[in-house]
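# A look at the structure
The primary structure of each chain is shown beneath.
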Amino acid sequence: MKIKIWGTRGSIPTPSNSSFVTTRYGGDTTCVSIDSGEHRIILDGGTGLRLLGLEMMKENRPWDCHFFFSHVHWDHIQGFPFFLPSFTPGNRFTLYGPRLMSLPGFVGSILEKALRGQQEDLNFPVQLKDMPAEMIFKDLDDRSVITLPGKKSSVKILSAALNHPGGCYGYRIEEHVPGERTKVFTFATDTEHLKTVHPNLQFLAKDADVLLYDGQYTPEEYEGINGMDHKGWGHSTYEWGLKEAQAAGVKLLLLHHHDPLHDDDKVAEIEAAARALAQGTGIEVEAGAQMREIEI
Ligand SMILES: [Zn+2]
Ligand SMILES: [Zn+2]
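Below is a summary of the structure that appears in this document. In this text, all values refer to a predicted model and were calculated from it rather than measured experimentally.

Cut-offs and rules
Numbering of residues begins from 1 in every chain and follows the order in which that chain's sequence is written. Chains and ligands are labelled sequentially in the order written, the chains with letters from A and the ligands with numbers from 1. Residues qualify for local features only when their pLDDT is at least 70, as the model is predicted, and side-chain atom pairs are given and counted only at 80 or more; totals for whole chains, interfaces and linings, by contrast, use all residues. Each side-chain value is worked out from all heavy atoms of the structure, with water and hydrogens disregarded. Keep in mind that water is not among the atoms, so a site may look incomplete; donors are the N, O and S atoms within 2.8 Å of the metal, or 3.2 Å for Na, K and Ca. The rule is simple: four donors are tetrahedral if all their angles sit between 85 and 135 degrees, four are square planar and six octahedral if opposite donors span more than 155 degrees and the others lie between 65 and 115, and anything that fits none of that is irregular. We count a stretch as a helix when DSSP gives it H or I for four or more residues in a row; a strand needs E for two or more, and each element gets its number in order from the N terminus. Accessibility here uses a 1.4 Å probe with only protein chains present; expressed as a share of the type maximum, an area under 20% marks a residue as buried, one over 50% as exposed, and anything in between as partly exposed. A patch is a set of surface residues, each over 30% in relative accessible area and not in a salt bridge, joined within 9 Å for like charges and within 5 Å for the nonpolar side chains Val, Leu, Ile, Met, Phe, Trp and Tyr. Surface accessibility follows the Shrake-Rupley procedure with a 1.4 Å probe radius. Residue values consider only the protein chains on display as shielding. The working definition used for a salt bridge is a side-chain nitrogen of Lys or Arg within 4 Å of a carboxyl oxygen of Asp or Glu. For this text, the term disulfide refers to a pair of cysteine sulfurs within 2.5 Å. Paired strands, as defined in this entry, are two strands with at least two bridges between them according to DSSP. Note on method: axes are straight lines fitted to C-alpha atoms, helices fitted across the in-contact stretch only, with angles between N-to-C directions ranging 0 to 180 degrees. Residue contacts are defined here by distance: any two heavy atoms, one from each residue, within 4.5 Å place the two residues in contact. Stacked, edge-to-face and tilted labels apply to pairs of Phe, Tyr and Trp rings (six-membered ring for Trp) whose centres lie within 6.5 Å, assigned for plane angles under 30 degrees, over 60, and everything in between, in that order. Criterion for a charge above a ring: Arg CZ or Lys NZ at most 6 Å from the ring centre, at most 35 degrees from the ring normal.

### A word on the coordination of the zinc ion (ligand 2)
By definition of the ideal shapes, a tetrahedral metal site with four donors has angles of 109.5 degrees and an octahedral site with six donors has angles of 90 or 180 degrees. Here the zinc ion (ligand 2) is held by the protein donor atoms His-71 (NE2), His-73 (ND1), His-164 (NE2) and Asp-190 (OD), which lie 2.1 to 2.4 Å from it. Coordination at the zinc ion (ligand 2) comes from 4 donor atoms whose angles at the metal span 90 to 173°, giving a geometry best classed as irregular. Read in sequence order, the donor residues coordinating the zinc ion (ligand 2) give the pattern H-x1-H-x90-H-x25-D. Separation of the zinc ion (ligand 2) from the zinc ion (ligand 1) amounts to 3.6 Å, with Asp-190 serving as a shared donor to the pair. With a gap of 93 residues between them, His-71 in the loop between β4 (64-68) and β5 (92-98) and His-164 in the loop between β8 (154-161) and β9 (169-176) connect regions that are remote in the sequence. Both residues of the pair, His-71 and His-164, count as buried.

Right, here's the structure in full:
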């Protein structure tokens, strides 16, 4: 299973400039690609998706990919209008998103509604319906299981609801190769910790090779030690990422959704603090960096 991070910034894109450098960890918002067997899976469509699209366009082939969206906050969908493979006829995308329960009586796909909405004519020159790639929208429920069969291996994607204003799903991506151990990548962005480990997060991250986790705030920022607190904002800390990782038996904790107020130096400082805390646990910790590739 090959994982590549195309965007790991939280909330809003954060381009580098002369006084605020973000080149090491990157300024684009959430997008991760997974290649397993013949399948390409794309997790979220933040602005990092634009770069993934540019790379896909270099390959002269039709694409048939599966998108899984955590939720439809802007920082997770804004790359979609700039995803060039959507403008190529013959490409086919199946787009899964959470069936958010905050809209009683709504019939249809929440994800489709959100993507259509951000491309309405006042906002963008090309409407979603005018993108020529085939798009199939499917909304998922909490604890859904999707299986993508393949010739030599298969991929199983499990969903579970996380703790975030308006709702958000995490995903567990399992690669099954006959005769080999199952490889697991867990995608848990945009989630705030509870008072104890989150049962759904534990379900998603059990024995995962890699847990991508929302580490937006330092513990001090979360608690409001030197300013306003960030409780109830729907994001977490490396401390809680480590608690969840330890309880679930995770090998690598990948801190994600870096705060737009954190430049490279600050993210590196958080990474060092998280590594110090992880000493003796056997868990590796890394702050997610845009363009980083991990093979498991
Ligand atoms: Zn976000
Ligand atoms: Zn969000």
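After that view, the rundown keeps rolling.
### Some points on a nonpolar patch on the surface
On the surface, a cluster of nonpolar side chains totalling about 240 Å² of accessible area is made up of Leu-54, Met-57 and Leu-84. Inspection of the secondary structure puts Leu-54 in helix α1 (residues 48-58).

### Focus: the coordination of the zinc ion (ligand 1)
Summarising the metal site, the zinc ion (ligand 1) is bound by the protein donors Asp-75 (OD), His-76 (NE2), Asp-190 (OD) and His-257 (NE2), whose distances to it range over 2.1 to 2.3 Å. Every donor counted, the 4 donor atoms about the zinc ion (ligand 1) form angles of 93 to 165° at the centre, which fits irregular coordination. Asp-75 gets classed as buried once you look at its relative accessible area, which sits at 7%. What makes His-257 buried here is its relative accessible area of 0%.

### As for the state of the cysteines
Applying the stated criterion across every chain yields a total of 0 disulfides. Left without a disulfide partner, Cys-31 is nearest to the cysteine sulfur of Cys-65, which lies 11 Å away. Overall, the relative accessible area of 0% leaves Cys-31 in the buried class.

### A short note on the sheet that holds strand β12 (residues 252-256)
The strand order β7-β8-β9-β10-β11-β12-β13 describes an open sheet built from 7 strands, whose pairing is mixed. One side of each edge strand has no neighbouring strand; the edge strands of this open sheet are β7 (145-148) and β13 (284-287). Geometrically, the sheet is characterised by an average inter-axis angle of 15° between neighbouring strands, direction not taken into account. Judged from the 8 bridges that link them, β8 and β9 form a sheet pairing that is antiparallel. Its bridge partner being in β9, Ser-159 is matched across the sheet by Tyr-171. Docked against the sheet, helix α5 (residues 238-248) engages β11 (210-214), β12 and β13, running at close to 145° with respect to β11.

### Remarks on the packing of aromatic side chains
According to the stated counting rule, one finds 9 aromatic pairs in the structure shown. One aromatic cluster is present, built from ring pairs that chain together Phe-67, Phe-69, Phe-80, Phe-83 and Phe-93. Taking the ring centre of Trp-240 as reference, the NZ or CZ of Lys-243 above it sits at 4.0 Å.

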